[in-house]
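# Fold and contact review
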Amino acid sequence: MTRATTVRAVLAAAVLLVSVLITLTMSPRLGLDLQGGTRLVLQAKDSDTAKADRESTDRTLEVLRQRIDSLGVTEPTLTRSGEDRIIVELPDVQDPRKAAEVIGRTAQLSFHAVQGPAAQNDDRADAEGGNGPTLPDEQGRSLDLGPARLSGAGVKDATAAFDAQQGAGWTVSLDFHKKAGRDWTRLTGEAACHPVEDDRRRVAIVLDRQIISSPQVSPSVGCNVGLPSGSTQITGSFSADEARELALLIKGGALPLPVEIVEQRTVGPTLGAAAIDASARAALIGAAATALFITIVYRLFGALAAGALAAYGVISYAALVALGVTLTLPGLAGFVLAIGMAVDANVLVFERAREEHAQHPGRSLLSSLTAGFRNAWSAVADSNVTTLIAAGLLFFLGSGPVKGFGVTLAIGVLASMFSALVIARALTEIAARSRFVSDYRGINGIAAPGRVRTWLTRRDPQLMRSPRRWLLISTALIAVAVLGIVVRGVNLGVEFTGGRLVEYSTSRPVDVERARTALADAGFGDAEVTTAGAGDLSVRTGKLDNDGEHSLRAVLAKEGGKTTKVRDELIGPSLGDELRRNALIALGIAVLVQLAYLAIRFRWTFAVASVAALVHDVIILVGAFAWLGRTVDGIFLAALLTVIGYSVNDSVVVFDRVRELWAKARRVPLATVANRAVLQTVPRTLNTGMGALFILTALAVLGGDSLADFALALLIGICVGTYSSVLTAVPAALLLERSSKAPPPARKRAPGRRSGTKAARRDPLDNGARV
């Protein structure tokens, strides 16, 4: 072996060994849509005294963290998103009402002097410097309160404890910051000036315009003496839960800003487990079909590439685990999809190696393989960069699980390049040195041109003779798609429109019409009821709070017996507008970024043609979903941006070959050059597409309802993208070049080759294939 091959083999073995160790010793971090739980997105609002900025949002997050810790949720996650949003993830929480109730208590905590029982029908409002509010106490009696003397921001700590020595039972101890402690002493000292059992001897603790406690100052406290901070203890007939909740509300009740729940998602654990099982089956079957396919097409080298594909799966999974990436349902689908896309680099290399071997029959198998890796590098790099651009856009412009898909896709692309350019290359170079492999053409898979290439060489179809014909067909397809968008309309998901979508599983089948009638009779007239999977019901409504959802579920339980919530999505109208706007921005940026990258790497005509092809793909995919009545949501957006990356990927491979051949034959008509480039890249396009289709078909059939639309969108997108990269992008580039006066690309002279040699005088468009 050469030194380079040895280095690749050692590097591949080391990375694979580390990946196996990580896989065996570390567990993946599952998102809530896979392990079950509730995800809340809170938005901080400007108040009279504070503005929603990064600093105040961080303080609000810490207060919320203290509140949520009291719920006993295992490993809750709270993170700030942007300037004014907080994301709360609560694993295993299936009923978000309790969490929302604790989180939703957002008013400022305040301490008031009690002026006495309220007069009849007295409902005075807050007035600083005058009388305070009139509110009911714990027993329901209305009390007149003085102005707020102390805010909850002054509370340093509040703890619940059981006082066994004094026999007071469960108590709540308060500790204040320095200045607030002096205010507390003054407040309790004034209250102590009133007789025992007088309401005015009480101190009211108010949260969200509710008196959560109004303890009397102890008879042992003297007038104007008050209680010192750090030794204040609230006693009463508290249970353990009541004492803990009171301590929690006092300690965490002082939110710097009020917050609003703008998004709420709940996923049942059974749905997550089913999604994992379905995705695992789809991955195994799809990967096995892909491995079998490339083994049949490329024989021994295909089998070695399949081994590298298995190594890719281990490496990419280990990278996800080691980096602590949260694996979501779309991310899991992205991991499975990347398996199919990982064969692309191998296919590019093997097809170039076949061409090299056909052009130079006397060249050794190892030399042809090395030339294949060298000549395919440009297309491999450009195609993977375009996919990374799509993944980056998904991460920065997507939301929630879509971000996970972007991260997974990016890691998959990098891992696939390593597996193809390091692992597969090391394996194939070692095999190519074997005399047995080199001598038997039917074994290695490189020495023979392949059936598709042989058929194309024999037929030599002139696909680019009339480019306008293909553009007319593409225009007709776009017209059909636009007609579907206009006639049927786009069924935007609740993620983009706002509202609530809940899926239920019932113990006995429920007719959709019967469920719709029952809900309408119960006051849910705007509820849209459809089937969701095997007998489940999906209910979509406008504004519906958690109590309303509980009542809705009770109505369905009367019809279908035991009713279990499988999935719950609540999106506020403002967030829905924002997500819809961000989706359009993401598409626009995707188009512009791809245009800029292609214009830099290629000619502006090629860049415009490629972008025209991807816009063609986007319109057709949206139109297809409109005709089929499928939901367009965030997961569809992830599929759409992936299709954009895939479409540009295919166009890059074709235009890379056009540029190469045109530079060698500057005087040959561009239509002839483009036709030859298309014919030479068709085997790669078909073989790569087949690898992805095996995976996506497995996802569509075996992935369950959660992934069905995602897989369908990618199936349609890849088929349309394969067509457009050849029969839309190339014809468009030909027409643009006719109006362009730019010269052909300069030829890159190979090292050591001089003009005038026999090799230089050979037909530059001849691929050397013979039948």
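Residues numbered from 1 in each chain as written. Predicted model: local features only at pLDDT ≥ 70, side-chain atom pairs only at ≥ 80, totals over all residues. Heavy atoms only, no water.

### A short note on the environment of Ala-583
Our working definition: Under the scheme used here, helices are H or I runs from DSSP no shorter than 4 residues and strands are E runs no shorter than 2 residues, and both carry numbers assigned from the N terminus. Buried residues are those whose accessible area, probed at 1.4 Å on protein chains only, stays under 20% of the maximum for their type, while exposed residues exceed 50% and partly exposed ones sit between those limits. By definition in these notes, contact holds between two residues if any of their heavy atoms fall within 4.5 Å.
Relative to the helices and strands, Ala-583 resides in helix H19 (residues 573-601). On the basis of relative accessible area, Ala-583 is assigned to the buried category, the value being 9%. Taking the C-alpha atoms as reference, Ala-583 lies 9.8 Å from Ala-638; in sequence the two are 55 residues apart. The contacts of Ala-583, once residues within four sequence positions are left out, are Phe-496 and Leu-637.

### Quick notes on the pattern of salt bridges
We apply this condition: Here, a salt bridge means any Lys or Arg side-chain nitrogen found within 4 Å of an Asp or Glu carboxyl oxygen.
Overall, the coordinates contain 32 salt bridges when judged by the stated rule. Among the ionic pairs, Arg-8 bridges to Glu-429, the shortest N-O distance being 3.2 Å. Taken together, the residues Arg-8 in helix H1 (residues 3-25) and Glu-429 in helix H11 (residues 401-432) connect sequence positions 421 residues apart. Under the relative-accessibility criterion, Arg-8 is labelled buried at 18%.

### Points about the sheet that holds strand S12 (residues 232-238)
Test applied: Should DSSP find at least two bridges between two strands, the strands are taken to pair. An axis is simply a line fitted to the C-alpha atoms; with a helix, the fit covers only the stretch in contact. Between two such axes, the angle follows the N-to-C directions and lies from 0 to 180 degrees.
Taken together, three strands build an open sheet; the order of strands is S8-S9-S12 and the sheet is antiparallel. The strands lining the two open edges of the sheet, one partner per strand, are strand S8 (155-163) and S12. Across this sheet, the average inter-strand angle for adjacent strands is 25 degrees, counted without regard to direction. When S8 meets strand S9 (residues 169-176), the two strands line up antiparallel, connected through eight bridges. Counted as the bridge partner of Ala-161 is Thr-171 from S9. The sheet strands contacting helix H5 (residues 178-191) are S9 and S12, and the helix crosses S9 at an angle near 120 degrees.

### Points about the packing of H19 against helix H20 (residues 604-628)
The following threshold applies: Oblique is the label for any angle not covered by the other classes, which are roughly parallel (under 35 degrees), roughly antiparallel (over 145) and roughly perpendicular (65 to 115). Each crossing gets its hand from how the near helix is turned against the far one by less than a right angle, where anticlockwise is left-handed and clockwise is right-handed. Residue classes follow a fixed rule: Ala, Val, Leu, Ile, Met, Phe, Trp, Tyr, Cys and Pro count as nonpolar, while Asp, Glu, Lys and Arg count as charged, and any other residue, Gly among them, counts as polar.
Viewed as axis vectors pointing N to C, H19 and H20 meet at an angle of 150 degrees, and their least axial separation amounts to 8 Å. Judged by the angle between their axes, H19 and H20 are roughly antiparallel. Classified by chirality, the crossing of H20 by H19 is right-handed. In contact with Val-591, Gln-594, Leu-595, Leu-598 and Ala-599 of H19, H20 contributes Ala-607, Val-608, Ser-610, Val-611, Leu-614 and Val-615. Taken together, the residues of the contact of H19 with H20 sort by class into nine nonpolar, two polar and no charged.

### Concerning the sheet that holds strand S4 (residues 85-91)
Taken in spatial order, the eight strands of this open sheet run S3-S4-S2-S13-S19-S16-S18-S17, and their pairing is antiparallel. Either end of the sheet is taken by a strand with one partner, and the two such strands are strand S3 (77-81) and strand S17 (528-532). Averaged over all pairs of adjacent strands, the angle between their axes in this sheet comes to 20 degrees, without regard to strand direction. Relative to S17, helix H17 (residues 512-521) is tilted by about 150 degrees, and along the sheet it contacts S17 and strand S18 (536-541).

By themselves, these observations are geometric and do not establish any function.
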